[in-house]
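A look at the structure
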Amino acid sequence: MAKIEKMEVKTQIKSSSDKFFEILRSKTYLLPKICPEIINDIQTIQGDWGTIGSVRQWTYVAGNCEKIKERIEAIDEKTRSITFNFLEGDVLNYYKSYKASLEVTTMDEVSLAKWTLEYEKKDDHIPPPHKYLELLANFNKAVDSYLLKTKA
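First, a word on scope: everything that follows refers to the structure included in this document. No experiment lies behind these values; they were computed from the predicted model shown.

**Quick word on the overall build of the chain**
The secondary structure content of the chain amounts to three helices and seven strands. Across the chain, helices and strands are ordered from the amino to the carboxyl terminus as β-α-α-β-β-β-β-β-β-α. Radius of gyration (C-alpha) of the chain: 15 Å, near the 15 Å computed for a compact globule of 152 residues. In terms of overall dimensions, the chain has C-alpha extents of about 45 × 35 × 30 Å along its principal axes. Classification of the 152 residues of the chain by burial places 45% in the buried group. Across the chain, contacts joining residues at least 24 apart in sequence account for 50% of those joining residues at least 6 apart. When the accessible area of the chain is evaluated, it comes to approximately 8300 Å², of which 49% is carbon and sulfur surface. Separation between the mean location of the 23 positive side-chain charges and that of the 23 negative ones in the chain comes to 2 Å.

This is how it looks when you write it as structure tokens:
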């Protein structure tokens, strides 16, 4: 029986939670400009920038330069959440399956960007994907900083 494991990282953001979500929802093409030290390139392979079923290829830095191809699996405008299913790429050298979900929430005037990783290791000797959580925390900070600077 497959053992799906989960990890999450939450980052408090000062920018608008709606605008933060919008970057991942439909403006991912801006990410190489927003955080070039993390995201080198992103291209749409199938579909468009923000619809369920769209497939995109990312080139990013997680210690070293890596690539992934992901499909947008779910989008919920009401809860400001989006789920990406990884189809190909470096991360799948270590994990049989890998999904990343973002949820942006606001409660009592505090906004949080929370990433949840769901993964299945290829074997028990593979470590949890801590470096990807660190990458996502840095990503959240970069997007938040960009939104605060541009007043987007």
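**Topic: the nonpolar core**
Among the nonpolar cores identified, the biggest contains 45 residues, and Y60, V91, Y98, W115 and F139 are the most heavily contacted of them. The leading source of residues in this core is helix α3 (residues 130-150), at ten residues. Beyond its immediate sequence surroundings of up to four residues, V91 is in contact with Y60, E66, I68, F86, Y98 and Y132.

**Let's talk about the packing of aromatic side chains**
According to the stated counting rule, one finds eight aromatic pairs in the structure shown. Measuring from ring centre to ring centre gives 5.3 Å for Y95 and Y119, while their planes differ by 70°; the resulting arrangement is edge-to-face. Of this pair, Y95 sits in strand β6 (residues 95-107) while Y119 is found in strand β7 (residues 110-121), placing the two residues 24 residues apart along the sequence. For the residue pair Y95 and Y119, the accessibility class agrees, reading buried in each case. When the centroid spacing of 6.0 Å and the interplanar angle of 70° are considered together, the rings of Y98 and Y132 count as edge-to-face. Residue Y98 is located in strand β6, and its partner Y132 is located in helix α3; the two are separated by 34 residues in the primary sequence. Classification of Y98 by relative accessible area gives buried; the value is 3%.

**Some words on the side chain of S15**
Along the polypeptide, S15 turns up in the loop between β1 (5-13) and α1 (17-26). Since its relative accessible area comes to 8%, S15 is described here as buried.

**Topic: α3**
Compared with an ideal rise of 1.5 Å per residue, which puts 21 residues at 30 Å, α3 spans 30 Å between its outermost C-alpha atoms and is within 8% of the ideal. Among the residues of α3, Y132, L133, L135, L136, A137, F139, N140, A142, V143, D144, Y146 and L147 are the ones counted as buried.

**Let's talk about the sheet that holds strand β5 (residues 81-89)**
Pairing is antiparallel across the open sheet formed by seven strands, whose spatial order is β1-β7-β6-β5-β4-β3-β2. Whereas interior strands pair on both sides, the edge strands pair on one side only; in this sheet they are β1 and β2 (39-46). The mean inter-strand angle of the sheet, taken between neighbouring strand axes irrespective of direction, is 25°. For β2 and strand β3 (residues 55-62), the ladder comprises six bridges, and the chain directions are antiparallel. Note on β3: the bridge partner recorded for Q43 is Q57. Contacts from α1 reach β1, β3, β4 (64-76), β5, β6 and β7 within the one sheet, and its direction differs from that of β6 by about 155°. Strands β1, β2, β3, β4, β6 and β7 of the sheet are contacted by α3, whose axis makes an angle of about 20° with β1.

Definitions and limits used
Residues numbered from 1 in each chain as written. Predicted model: local features only at pLDDT ≥ 70, side-chain atom pairs only at ≥ 80, totals over all residues. Heavy atoms only, no water. Helix = DSSP H or I, 4+ residues; strand = E, 2+ residues; numbered from the N terminus. Rg over C-alpha atoms; globule rule 2.2 N^0.38 Å. Buried < 20%, exposed > 50% of the residue type's maximum accessible area, 1.4 Å probe, protein only. Contact = heavy atoms within 4.5 Å. Areas by Shrake-Rupley, 256 points an atom, 1.4 Å probe, with all protein chains shown as cover. Lys, Arg positive; Asp, Glu negative; His and termini not counted. Charge placed at Lys NZ, Arg CZ, Asp CG, Glu CD. Core = buried A, V, L, I, M, F, W, Y, C linked by side-chain atoms within 4.5 Å. Phe/Tyr/Trp six-rings, centres within 6.5 Å; stacked < 30°, edge-to-face > 60°. Expected span 1.5 Å × (residues − 1). Pairing = 2+ DSSP bridges. Axes fitted to C-alpha atoms, helices over the stretch in contact; angles between N-to-C directions.

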